[in-house]
Amino acid sequence: MEATDRKIVQLLAADGRMSFTELGRATGLSTSAVHQRVKRLEQRGLLLGYGATVNHDQIGLPLTAFISIRPIDPSQPDDCPERLRDVPEIESCWSVAGEESYLLKVRTATPHDLENLLARIRAAANVSTRTTIVLSTYYESRPVTGG
């Protein structure tokens with residue numbers, strides 16, 4: 001990726017609502033040139049979407065946890081992501097290397113809700129779980145800075 005496109009990606013990662021005019025000023029391009037570049041970055045799959053950063057405490061989901069899951073019967077099909085796709089408390093699901101097969105990031109209102117969620121995950125996916133509760137978040141979803 002060339003330097004100007006990288007700069008556009010960095011700027012949009014930091015502020016997805018930045019206008020084409022503002023992007024043009026920051027990159028030295030015209031508004032129409034920036035618009036064309038952003039369209040190309042979207043078409044190439046480098047920009048996948050734009051979203052808001054949510055204050056989960058304010059919307060009633062202050063408890064964040066990471067749940068590692070491992071199949072109880074490894075001979076069964078590996079379909080945990082599909083089995084858990086419609087569980088709304090699961091924010092992210094990553095396939096990972098190590099003892100566990102997947103790592104889930106979840107958000108709930110209370111420890112009791114987390115306990116219920118764990119039971120639902122175990123039943124739906126036939127897995128064992130290991131849970132880490134987040135006490136504080138110092139930074140999250142940091143913008144891309146280079147590479």
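For the structure given in this document, a descriptive report is provided here. Because the structure is predicted, anything quoted here is derived from the model rather than measured.

Moving on, we get to the overall build of the chain. Looking only at helices and strands, one finds 5 helices and 4 strands in the chain. What you see in the chain, going N to C, is helices and strands ordered as α-α-α-β-α-β-β-α-β. In summary, the chain has a C-alpha radius of gyration of 20 Å against a globular reference of 15 Å for 147 residues, an excess of more than 25%. By the burial criterion, 26% of the 147 residues in the chain qualify as buried.

This paragraph deals with the environment of Thr53. Within the secondary structure layout, Thr53 lies in the loop between α3 (31–43) and β1 (63–71). Assessed through its relative accessible area of 83%, Thr53 is described here as exposed. It is 8.7 Å that separates the C-alpha atoms of Thr53 and Ser141, two residues lying 88 residues apart in sequence.

Here we take up the packing of helix α1 (residues 3–14) against helix α2 (residues 20–27). Contact geometry for α1 and α2: axes closest at 10 Å, N-to-C directions at 130°. Accordingly, the angle class assigned to the pair α1 and α2 is oblique. Crossing handedness for the pair α1 and α2: right-handed. Two secondary-structure elements touch here, α1 through Thr4, Lys7, Ile8, Leu11 and Leu12 and α2 through Leu23, Ala26 and Thr27. Residue composition of the contact of α1 with α2, by class: 5 nonpolar, 2 polar and 1 charged.

Another point: the sheet that holds strand β3 (residues 102–108). One open sheet holds the 4 strands; their spatial order is β2-β3-β1-β4, and the pairing between them is antiparallel. Strand pairing shows two members of the sheet lacking a second neighbour, β2 (90–95) and β4 (127–133), which therefore form its edges. Adjacent strand axes in the sheet meet at a mean angle of 20°, parallel and antiparallel pairs treated alike. Relative to β4, β1 is paired through 7 bridges, and the arrangement is antiparallel. Within the sheet, the bridge partner assigned to Pro71 lies in β4 and is Val127.

Further remarks concern the packing of α1 against α3. The description of two packed helices rests on the angle between their axes and on the distance between the axes. It is at 11 Å that the axes of α1 and α3 come closest, and there the two elements cross at 80°. In this view, α1 runs roughly perpendicular relative to α3, as classed from their interaxial angle. Counting all contacts with α1, which are made through Thr4, Asp5, Ile8, Val9 and Leu12, the residues of α3 involved are Arg37, Val38 and Leu41. Tallied by class, the residues present in the contact of α1 with α3 amount to 5 nonpolar, 1 polar and 2 charged.

Thresholds applied
Residues numbered from 1 in each chain as written. Predicted model: local features only at pLDDT ≥ 70, side-chain atom pairs only at ≥ 80, totals over all residues. Heavy atoms only, no water. Helix = DSSP H or I, 4+ residues; strand = E, 2+ residues; numbered from the N terminus. Rg over C-alpha atoms; globule rule 2.2 N^0.38 Å. Buried < 20%, exposed > 50% of the residue type's maximum accessible area, 1.4 Å probe, protein only. Axes fitted to C-alpha atoms, helices over the stretch in contact; angles between N-to-C directions. Parallel < 35°, antiparallel > 145°, perpendicular 65-115°, else oblique. Left-handed = near helix turned anticlockwise from the far one by under 90°. Contact = heavy atoms within 4.5 Å. Nonpolar A, V, L, I, M, F, W, Y, C, P; charged D, E, K, R; others polar. Pairing = 2+ DSSP bridges.

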